[in-house]
Amino acid sequence: MSAPLIVQAVKRHTATVIFLHGLGDSGRGWLPVAQMLGNDPELQHIKWILPNAPTRAITSNYGLEMPGWFDIYSFSFKESGEEDRDGMLKTVETLETIIKDEIETGVDPSRIVLGGFSQGGAMSLLTGLTSPFRLGGLVVLSGWLPIRNEIGKRLASHAPSLPIFMGHGASDPLVPCKIGKMSAEYLSKEFGITLQEKVGEPGLKFEEYPGLVHSASPEELEDVAVFLRRVIPASQ
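Fair warning: this is a prediction, and the values are worked out from it, not measured in the lab.

K.L.:
I'm lost on the packing of helix 1 (residues 31-38) against helix 6 (residues 218-231) in this one. Help?
P.N.:
When two helices pack together, their arrangement is given by the angle between the helix axes and the distance between those axes. Where helix 1 contacts helix 6, the two axes come as close as 11 Å, and the packing angle between them is 50°. Of the possible angle classes, the one that applies to helix 1 and helix 6 is oblique. For the pair helix 1 and helix 6, the crossing hand works out as right-handed. Residue-level contacts link Val33, Met36 and Leu37 of helix 1 to Leu221, Val224 and Ala225 of helix 6. Counted by class, the contact of helix 1 with helix 6 contains 6 nonpolar, no polar and no charged residues.

Written out as structure tokens, the structure is:
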């Protein structure tokens, strides 16, 4: 895996966002978003870390090799479907190392937000919910809860108090919006994570975007900006 792409804070660095790309992409694919949000007057204290997934064969794409955080055996997302547990847990270890390295530079865990898109969103959710560090929040775009039948054994005690933002396109043909909704409902029902109406509160806010496919929209990215302003504000 190549080194992460770093976007330094415009002003004094007091918070960090670690954001994971989706299948077949790279950290550079989210560079314009990091630069755009990083220039927001209220977000100029944030450093962005954009990791690059290793190249691996993806079963559901006929074994073609591409950047991926884990293998995907099927895009059916059936509850009983097989998942690449080992690949996911290896990525969790990689992300924990990035988080620890950032903490060692002096950034408090509560000033770190972990996020991602699609596969990256799934990994940010899994890592954030099971991390020994109580992070500032999680951003999950077009993602889902992986290995959900196992996550209960790994869930951190602080998980129910984490601010989580999940955004999903209502017309997503690849990761259907209902999968994201089911993940949010499962987290609420099984683990007591409160479903919130307001972005940035402790608990989970799920937002659906009409007409949006497997992508991000300006409206969704503005909601991400609102989330960041609230969970890692510039005043600290």
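Text resumes after the structure shown.
K.L.:
Just to check I follow, could you spell out the pattern of salt bridges for this structure?
P.N.:
For side chains bearing opposite charge, pairing can occur when the charged atoms are close. Tallied over the entire structure, the rule returns 9 salt bridges. Lys205 is paired through a salt bridge with Glu207; the nearest N and O atoms lie 3.1 Å apart. Classification of Lys205 as buried rests on a relative accessible area of 10%. We classify Glu207 as partly exposed; its relative accessible area is 24%. When salt bridges that share partners are traced, they join Asp40, Glu42, Glu222 and Arg229 into one network.

K.L.:
Sorry, what's going on with the side chain of Glu102 here?
P.N.:
As for its placement among the helices and strands, Glu102 is situated in helix 2 (residues 85-104). Note on Glu102: relative accessible area 4%, which makes it buried. Apart from residues lying up to four places away in sequence, Glu102 is in contact with His13, Thr16, Lys47, Ile49, Val107 and Ile112.

K.L.:
I'm lost on the pairing of strand 5 (residues 64-67) in this one. Help?
P.N.:
Successive side chains on a regular strand alternate, one facing one side of the sheet and the next facing the other. Bridge count for strand 4 (residues 55-58) against strand 5 is 4 bridges, and the pairing is antiparallel. Note on strand 5: the bridge partner recorded for Thr55 is Pro67. The turn joining strand 4 and strand 5, which pair antiparallel and follow one another in sequence, is formed by 5 residues; a positive phi near 60° is taken by Tyr62.

K.L.:
Honestly, the environment of Val140 in this entry has me stumped. Any pointers?
P.N.:
Turning to its location among the elements, Val140 is positioned in strand 7 (residues 137-141). In the structure, Val140 is positioned 14 residues away from Arg154 in sequence and 19 Å away in space, judged by C-alpha atoms. If we skip the residues at most four places from it in the chain, Val140 touches Gly116, Gly121, Ser124, Leu125, Phe165, Met166 and Gly167.

K.L.:
Just to check I follow, could you spell out the nonpolar core for this structure?
P.N.:
Within soluble globular proteins, side chains that are nonpolar generally end up buried alongside one another. The biggest cluster of nonpolar side chains holds 44 residues, and the ones touching the most others in it are Met123 and Leu129. Of all elements in the fold, only strand 2 (15-20), helix 2, strand 6 (112-117), helix 3 (119-130), strand 7, strand 8 (163-169), helix 5 (177-191) and strand 9 (203-209) reach the threshold of two or more residues within this core. Residues Val33, Ile46, Leu212 and Val231 belong to the second largest nonpolar core, which totals 28 residues.

K.L.:
What's the story with helix 1 in this structure? I'm lost.
P.N.:
Spacing of three or four residues puts side chains on the same side of an α-helix, whose turn is 3.6 residues. All of the buried residues along helix 1 are Leu31, Val33, Ala34, Leu37 and Gly38. Down the axis of helix 1, the sector holding all buried residues measures 165°, keeping them to one side. Packing partners of the buried residues in helix 1 comprise strand 1 (5-7), strand 3 (46-50) and helix 6.

K.L.:
Whenever I open this one, helix 2 confuses me. Can you help?
P.N.:
End to end, helix 2 covers 29 Å across 20 residues, agreeing with the expected 28 Å (1.5 Å per residue, within 8%). Taken together, the buried positions of helix 2 are Gly87, Met88, Leu89, Thr91, Val92, Leu95, Glu96, Ile98, Ile99 and Glu102. In this structure, the buried residues of helix 2 make contact with strand 2, strand 3, strand 6, helix 3 and helix 4 (148-154). Looking at the residues trailing helix 2, positive phi occurs at Gly106, about 115°.

What counts, and at which threshold
- Along each chain, the written sequence defines residue order, and numbers are assigned to residues from 1.
- Since the coordinates come from a predicted model, pLDDT governs what is reported: local features require at least 70, and pairs of side-chain atoms require 80 or more to be given and counted, while whole-chain, interface and lining totals use all residues.
- The basis for the side-chain values is all heavy atoms of the structure; hydrogens and waters are excluded.
- Lines fitted to C-alpha atoms define the axes here, with helix axes fitted over just the stretch in contact, and angles between the N-to-C directions of these axes take values from 0 to 180 degrees.
- Helix and strand assignments follow DSSP, with helices taken as H or I runs no shorter than four residues and strands as E runs no shorter than two, numbered in order from the N terminus.
- Note that the term roughly parallel is reserved for angles under 35 degrees, roughly antiparallel for angles over 145, roughly perpendicular for angles of 65 to 115, and oblique for everything else.
- Should the near helix be turned counterclockwise from the far one by less than a right angle, the crossing is left-handed, whereas a clockwise turn marks it as right-handed.
- Residues are treated as being in contact if the distance between any of their heavy atoms lies within 4.5 Å.
- Note on residue categories: nonpolar means Ala, Val, Leu, Ile, Met, Phe, Trp, Tyr, Cys or Pro, charged means Asp, Glu, Lys or Arg, and polar means any other residue, Gly included.
- A pair is scored as a salt bridge if a Lys or Arg side-chain nitrogen falls within 4 Å of a carboxyl oxygen belonging to Asp or Glu.
- Under the scheme applied here, a residue whose accessible area is under 20% of the maximum for its type counts as buried, over 50% as exposed, and between as partly exposed, the area being computed with a 1.4 Å probe on protein chains only.
- The pairing criterion for strands is at least two bridges between them, as found by DSSP.
- To form a nonpolar core, buried Ala, Val, Leu, Ile, Met, Phe, Trp, Tyr and Cys residues must be joined to one another through side-chain atoms within 4.5 Å.
- Read the arc as the range of directions from the helix axis to the C-beta atoms.
- Each helix should span, by expectation, one fewer than its residue count multiplied by 1.5 Å.

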